[in-house]
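Read off the chains here:
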Amino acid sequence: MARKKVYAAIDVGSTEITLKIAELDKDALPRVLETLQRTLPLGTDTYTSGAISQPVLDACLQVLEGFVRTLEGYRVAECRAVATSAFREAANRDYALDQIERHSQLTLNILDNAEERSFHLLAASSRLPDFTNLISQGTLIVDVGSGSIQVTVYDKGQFIFSQNMLLGSLRIRDLLADLERRTADFAGLMEEYIASDLDNYRLLEPKGILYQNLVILGGELPYLKRLAGLDPEANAVLGTEQMDRLVQLLLSERPSDLASQSGIPVEHATLLLPTALILRKFVLYTGVKHLQLPSADLCDAVLIDFARQHYGFKPPHDTRQDTLNASRYIARRYHVNQHHTAFVEKAALLLFDETVRLHRLDARARLLLQVAVQLHDAGKYINMSKHHIQSRSLILASEIIGLSQRETALVAWTAGFHIGPFAMDLPGFSDLPQADRVVVAKLTAILRIANALDSGHQQKIASLEVGLEPGRLVLQVKTRHDILLEIWALERQGRLFWQLFAHQPVIKIRSSRT
């Protein structure tokens with residue numbers, strides 16, 4: 001039997017650098033062969049001074065060079081190294097990335113927050129055996145990072161909402177460190193600081209959801225599990241009474257004592273109290289009686305993503321659907337016309353699928369087109385005049401779970417070009433790489449045709465069939481209405497498609513009268 005290929009993931013986190021090496025399979029989660037972890041407080045530099053110091057970067061290089069030597073022993077087929085907020089927010093990140101690549105030959109990919117949190121959800125949903133049943137009821141997922149926390153809401157089996165807050169355990173500890181010597185109730189001070197941001201969150205969250213489940217993710221969970229007498233490497237359930245005892249223990253013990261007694265690295269021991277206080281606040285907020293603590297981290301997610309790409313592995317929960325639901329939530333917030341959007345989305349996806357041999361874009365581009373369609377009219381909430389420009393601005397200012405900043409920009413420019421002039425040298429747009437501008441042009445050409453077919457926002461076309469003939473894109477429609485406005489709009493909005501693909505969009509009408 002042929003030996004399975006081995007893949008690896010490296011997470012350069014704010015407090016720890018982790019390597020996982022695993023075998024992949026189509027029908028099972030990755031089988032981890034080896035895990036290596038090294039504690040290194042990269043985030044302390046970034047969150048306090050805004051940059052990673054050279055001594056800390058040198059230590060990071062040493063760890064990564066050691067990981068590379070380990071990889072060589074496994075003959076790894078592919079390794080992906082990712083970094084999060086410690087690098088994302090560092091003013092000197094470009095210099096740091098260059099040093100890492102020169103010394104270790106690793107290309108470090110900095111994940112945007114929305115990408116990072118989507119990966120965490122992928123890992124948690126894959127590792128929790130009853131995740132689908134769990135989210136059929138109101139479920140709050142709190143992802144406690146070193147630099148921030150992400151709060152995500154599911155209900156009735158669907159993603160509802162997600163919000164990021166700069167309340168990470170390391171950030172709280174370092175920001176408030178100067179005040180620790182000036183108060184006898186440092187824990188109370190931390191709780192007050194945490195509560196102020198949670199009050200702001202309550203203003204934004206969806207209303208009317210009855211929470212039944214609270215799922216906690218984060219790098220400090222293995223150490224909290226250990227203190228609670230649970231297996232650090234397994235999925236676990238923590239009762240609220242256990243949670244209260246854990247908080248009391250952390251309030252009564254110094255981090256140095258916890259480290260020596262429990263074998264927890266000192267750097268992590270100092271983060272357990274702020275983490276526990278955050279969790280207690282969410283327990284009180286939701287009123288749940290148990291916390292779900294899955295064994296899932298960023299490296300797990302990267303390996304699952306490898307299995308999805310290379311072996312066709314299908315995770316039990318489709319995080320791409322989360323991206324679509326996130327964009328739909330934004331659309332509802334800006335009171336987008338749902339009937340018009342649904343028509344344009346269906347038409348745009350049909351056009352995309354039937355013209356693949358012309359545009360040659362992949363499934364990811366199809367997802368970006370869907371998001372662009374859902375948000376193309378969002379700018380009308382701000383100003384009906386030149387709303388396409390407002391739509392672009394709103395999308396660029398939004399965080400859509402699962403999309404990188406680059407992908408969000410592609411969506412924003414596609415939506416922003418759905419009407420008005422299209423120019424490759426437009427200020428701002430011309431700053432994008434040429435390949436990205438071509439992708440936007442192709443998606444825009446499709447969106448413009450789909451949007452033209454419902455120019456009056458009355459969904460007058462009952463059905464649509466798409467065919468390619470030499471030099472023509474034939475749109476065969478059934479309707480019992482006068483669609484002169486749609487034909488006129490297509491003549492104007494179909495020009496970009498003709499310019500790109502040398503196929504003229506034309507309508508053929510079949511009456512739907514019986």
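In this text the structure is predicted, and so the values were computed from the model without any measurement.

1. Description of the packing of helix H11 (residues 240-252) against helix H13 (residues 266-286)
Where H11 contacts H13, the two axes come as close as 10 Å, and the packing angle between them is 145°. For the pair H11 and H13, the crossing hand works out as left-handed. For the pair H11 and H13, the contacting residues are Thr240, Met243, Asp244, Val247, Gln248, Leu250 and Leu251 in the first and Leu272, Leu273, Ala276, Leu277, Leu279, Arg280 and Val283 in the second. Each residue belonging to the contact of H11 with H13 can be placed in one class, and the counts come to 10 nonpolar, two polar and two charged.

2. Observations regarding H11
Between its first and last C-alpha atoms H11 spans 18 Å; for 13 residues at 1.5 Å apiece the expected length is 18 Å, and the two agree. All of the buried residues along H11 are Thr240, Met243, Leu246, Val247 and Leu250. Down the axis of H11, the buried side of the element spans an arc of 110°, and every buried residue falls inside it. Away from its buried face by more than 90 degrees, H11 exposes Glu241, Arg245 and Ser252. Along its buried surface, H11 packs onto helix H10 (221-227), strand S10 (236-239), helix H12 (255-262), H13 and strand S11 (290-293).

3. Examining the environment of valine 144
Relative to the helices and strands, valine 144 resides in strand S6 (residues 138-144). Overall, valine 144 belongs to the buried group, its relative accessible area being 5%. Taking C-alpha positions, valine 144 is 11 Å from leucine 277, a pair spaced 133 residues apart along the chain. Leaving out residues up to four positions away in the same chain, valine 144 has contacts with Ile149, Leu217, Gly218, Gly219, Thr275, Ile278 and Leu279.

4. Re the pairing of S11
As defined by bridge partners, strand S9 (residues 211-218) adjoins S11 across two bridges and the pair is classed as parallel. Paired with leucine 214 across the bridge in S11 is leucine 291. As paired strands, S10 and S11 are joined by four bridges and run antiparallel to one another. Looking across to S11, one finds that alanine 236 is bridged to leucine 293.

5. Examining the sheet that holds strand S7 (residues 149-155)
Pairing is mixed in the open sheet, where six strands are placed in the order S8-S7-S6-S9-S11-S10. Each of the sheet's edge strands pairs with one partner strand only, and the pair in question is strand S8 (158-165) and S10. Ignoring strand direction, the axes of neighbouring strands in this sheet form an average angle of 25°. Contacting S10 and S11, H11 runs over the sheet at an angle of about 75° to S10. The strands that helix H15 (residues 319-333) touches are S7 and S8; relative to S8, the one it contacts most, it runs at about 75°.

6. A word on unusual backbone geometry
Of all residues except glycine, most have a negative phi; of all peptide bonds, most are trans. For arginine 75, which is not glycine, the phi dihedral falls at a positive 50°. By the secondary structure assignment, arginine 75 is in the loop between helix H2 (54-74) and strand S4 (78-83). Of the residues examined, arginine 75 reaches a relative accessible area of 74% and is grouped as exposed. Phi is positive for histidine 335, close to 55°, though the residue is something other than glycine. With respect to the helices and strands, the residue histidine 335 is situated in the loop between H15 and helix H16 (338-354).

7. Notes on the pairing of strand S13 (residues 472-479)
The pairing of strand S12 (residues 461-469) with S13 spans eight bridges and is classified as antiparallel. Within the sheet, the bridge partner assigned to glutamate 465 lies in S13 and is glutamine 476. Where S12 folds back onto S13 in an antiparallel hairpin, the turn is made up of two residues, including glycine 471, whose phi is positive at roughly 75°.

8. Let's talk about the pattern of salt bridges
Where charged atoms from two side chains of opposite charge come close, those side chains can pair. All told, the structure shown has 24 salt bridges when counted by the stated rule. Residue arginine 117 is joined to aspartate 143 by a salt bridge in which the shortest nitrogen-to-oxygen separation is 3.1 Å. Of the two residues, arginine 117 sits in helix H5 (residues 113-127) while aspartate 143 sits in strand S6, which places them 26 residues apart along the sequence. As far as burial versus exposure is concerned, arginine 117 and aspartate 143 are alike and both buried. Residue arginine 472 is joined to glutamate 469 by a salt bridge in which the shortest nitrogen-to-oxygen separation is 2.9 Å. Judged by its relative accessible area of 30%, arginine 472 is partly exposed. Among the charged side chains, a salt-bridge network with shared partners connects Lys20, Arg127, Asp297 and Asp300.

Parameters at a glance
- Residues numbered from 1 in each chain as written.
- Predicted model: local features only at pLDDT ≥ 70, side-chain atom pairs only at ≥ 80, totals over all residues.
- Heavy atoms only, no water.
- Axes fitted to C-alpha atoms, helices over the stretch in contact; angles between N-to-C directions.
- Helix = DSSP H or I, 4+ residues; strand = E, 2+ residues; numbered from the N terminus.
- Left-handed = near helix turned anticlockwise from the far one by under 90°.
- Contact = heavy atoms within 4.5 Å.
- Nonpolar A, V, L, I, M, F, W, Y, C, P; charged D, E, K, R; others polar.
- Expected span 1.5 Å × (residues − 1).
- Buried < 20%, exposed > 50% of the residue type's maximum accessible area, 1.4 Å probe, protein only.
- Arc of directions from axis to C-beta.
- Pairing = 2+ DSSP bridges.
- Salt bridge = Lys/Arg side-chain N within 4 Å of Asp/Glu carboxyl O.

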